[in-house]
Amino acid sequence: MSRLPWMIACLVFSACHSHVGRTPPAPPAARVEVWVDGTWPVGGDGSRSRPFQALGPVLAREAGAPLRVHLAPGRYPGPLVLPAGWELVGEGEGTMVYGEGAETVVRAPDGAGLRGVVIEGGGWGLEAGGAVRVDAVRFTGQGSGALWMRAGELTVDGGRFEAGGPEAVGLRVEGAGARLHEASFGGAFRRAVEIRDARVELESVRVGGARTALHQARGEARLVRVTVEHGPDVGLFVQHGTLRLEDVTVTGHEYGLQTREATLETRGFTSVRAVRAGVALLGTTGVMEDTRVVGSGDFGAVSLLGSDTLLRGLHVEAAEAYGISATRGRLRLERALITGLTSREGDAGDGLHLRDVEVEARGLVVRDVAGAGVLAAQGARVVLRETSLTSCRTAGVWGETLARVTAGGLEVRGSGGPALVALENGVLRVEELSAGDNAGGLVAADCAGETRVTLGRVKGQDTVGPGAPCVTGPSR
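Because the structure is a prediction, the values reported are computed rather than measured.

### So, the pattern of salt bridges
Close approach of charged atoms allows side chains of opposite charge to pair.
And then number 1: Across all of its chains, the model carries 41 salt bridges by this definition.
And then number 2: For Arg312, the salt bridge identified is with Glu289, shortest N-O distance 3.5 Å. Of this pair, Arg312 sits in strand β29 (residues 302-317) while Glu289 sits in strand β28 (residues 285-294); the two residues are 23 residues apart in sequence, bridging distant segments of the chain.
And then number 3: By relative accessible area, which is 17% here, Glu289 ends up buried.
And then number 4: A salt bridge links Glu320 to Arg344, with the nearest nitrogen and oxygen atoms 3.1 Å apart. Remark: Arg344 occurs in the loop between β30 (322-341) and β31 (350-355) and Glu320 occurs in the loop between β29 and β30; sequence separation between them is 24 residues.
And then number 5: Salt bridges here are not isolated pairs; linked through shared partners, they connect Arg179, Glu201, Glu203, Arg222, Arg225 and Glu246.

Here it is, written out as structure tokens:
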């Protein structure tokens, strides 16, 4: 007899025998449904037809499968501690869990869910960790803050955060992750959203009345379709972190956006009526695309200090002081329109105000400003390409105190002073200039020290007259 059939039989038997006695993995425990109704008589068993009268008996249960606790409309006192994985499900505005004094109303240290309830009063409304989901929940009247996420992952869908005092925080996230969708913050929060070493995403969120809408220290934040309105301090602030903005508008704050030693990526950021500056970047590296600043105050529309920034598609309108003020660092500018600048003190109003900074600009348009179209000073190095400066009250391009400006494809028309000014060792080199109707003529230069102006081709304006030995050219 061949040994092959015998071997096959043994293998089949062994394979079958290996499954004998094995216990299949247990399915995850089903969530147990419990009902609570404060209007029900004492003696309920927690079923839908005979609900418990209070949350106490539910929370006193021995550990087991996670519970989904259905709360009928009514008022339920805290403080509460939810075991891991439990859910509180209410019926909307009529279902309220409340606290008194400085105690936290609901704690969920190991994850939980809340849906369709109102959390009222207390120091904090909810302190949580683990996996937490909050749907259609309203937080109101907390003295310290609405929601404090200490660890884990938070998801908020819908709902409203209402300030309970001038020092309250709407959402604080520390060392955790959070995502908010279609939520709103109302009232005078000190900070609507506070981030510390966290990862946070806000999408379709509205903030109204908070002193600061976003205060971020380290970590990463992404804001998409976010509206911020009517606060007295900084609208959005980040320090030592990464901030990404897409379709975000800030109205009526001291600064629309302020950063310190941060990384910034924006597309579609708008600042309206900032008291000081629409955008203020300190020591920041970033790219800003399609930025609009309307009606900023005495620090100008965009203020850059020690930053390395690309601004592409900038629109500044009706700002005071400066369109862009840049000191130290590096600025690359592509497709910018700056118009309608004013100067309260009469010594500002420049389209670009540049000091000790490296600048490359292409496609710049400056119109109707109280100062110069471009002012470069204190050793600034500036390259202008395809630049149009119209109706600049002081001058088109002004270079002083060791500034170096190179321009090609430059147009200067309707200036209240000269088209070009060079003072105090400033050096201007203009390869191609179209000029006309400039009240101060083509060039004004003090010709002291290293001051000089070199002109290539000039069209439209009369050439330089006698008495300007540091001006060479133009050619025809």
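What follows continues from the structure just given.
### Focus on the environment of Ala84
And then number 1: Here Ala84 lies in the loop between β4 (80-81) and β5 (86-89).
And then number 2: As a C-alpha pair, Ala84 and Phe185 span 101 residues in sequence and 28 Å in three-dimensional space.
And then number 3: Among all residues touching Ala84, those that are not within four sequence positions of it are Pro66, Asp110 and Gly111.

### So, the nonpolar core
And then number 1: Judged by nonpolar contacts, the single largest core of 121 residues is most densely connected at Leu236 and Leu420.
And then number 2: In this view, Leu420 contacts Val397, Leu410, Leu428, Val430, Leu433, Leu442, Val443, Ala444, Val453 and Leu455; residues no more than four positions away in its chain are not counted.
And then number 3: Counting 6 residues, the second-largest nonpolar core is a separate cluster that includes Ala372, Leu375, Trp398 and Val421.

### Looking at unusual backbone geometry
And then number 1: Each neighbour pair has its own omega, and for Gly78 with Pro79 the value is 5°, a cis peptide bond.
And then number 2: Considering the arrangement of structural elements, one finds Pro79 in the loop between β3 (74-77) and β4.
And then number 3: Despite not being glycine, Arg273 shows a phi value in the positive range, around 55°.
And then number 4: Counting through the fold element by element, Arg273 comes out in the loop between β26 (263-272) and β27 (277-282).
And then number 5: Although it is not a glycine, Asn425 adopts a positive phi angle of roughly 70°.

### Describing the packing of aromatic side chains
And then number 1: Within this structure, the stated rule accounts for 5 aromatic pairs.
And then number 2: When the ring of Phe139 is compared with that of Phe161, the centres are 5.2 Å apart and the planes differ by 15°; the resulting orientation is stacked. Remark: Phe161 occurs in strand β15 (residues 160-163) and Phe139 occurs in strand β12 (residues 138-142); sequence separation between them is 22 residues. Both residues of the pair, Phe139 and Phe161, belong to the buried class.

### So, the pairing of strand β9 (residues 118-121)
And then number 1: One ladder, built from 4 bridges, connects strand β6 (residues 95-99) with β9; its direction is parallel. In the sheet register, Val97 faces β9, and the bridge partner there is Ile119.
And then number 2: Across 3 bridges, the pairing between β9 and β12 is parallel. The residue bridging Val118 from the neighbouring strand is Arg138, located in β12.

### Regarding the environment of Phe299
And then number 1: If you trace the backbone, Phe299 turns up in the loop between β28 and β29.
And then number 2: Given a relative accessible area of 38%, Phe299 falls into the partly exposed group.
And then number 3: Separated by 23 residues in sequence, Phe299 and Tyr322 place their C-alpha atoms 7.2 Å apart.
And then number 4: For Phe299, the residues in contact, after removing those within four places along its chain, are Tyr255, Arg276 and Ala277.

Basis of the calculations
Residues numbered from 1 in each chain as written. Predicted model: local features only at pLDDT ≥ 70, side-chain atom pairs only at ≥ 80, totals over all residues. Heavy atoms only, no water. Salt bridge = Lys/Arg side-chain N within 4 Å of Asp/Glu carboxyl O. Helix = DSSP H or I, 4+ residues; strand = E, 2+ residues; numbered from the N terminus. Buried < 20%, exposed > 50% of the residue type's maximum accessible area, 1.4 Å probe, protein only. Contact = heavy atoms within 4.5 Å. Core = buried A, V, L, I, M, F, W, Y, C linked by side-chain atoms within 4.5 Å. Phe/Tyr/Trp six-rings, centres within 6.5 Å; stacked < 30°, edge-to-face > 60°. Pairing = 2+ DSSP bridges.

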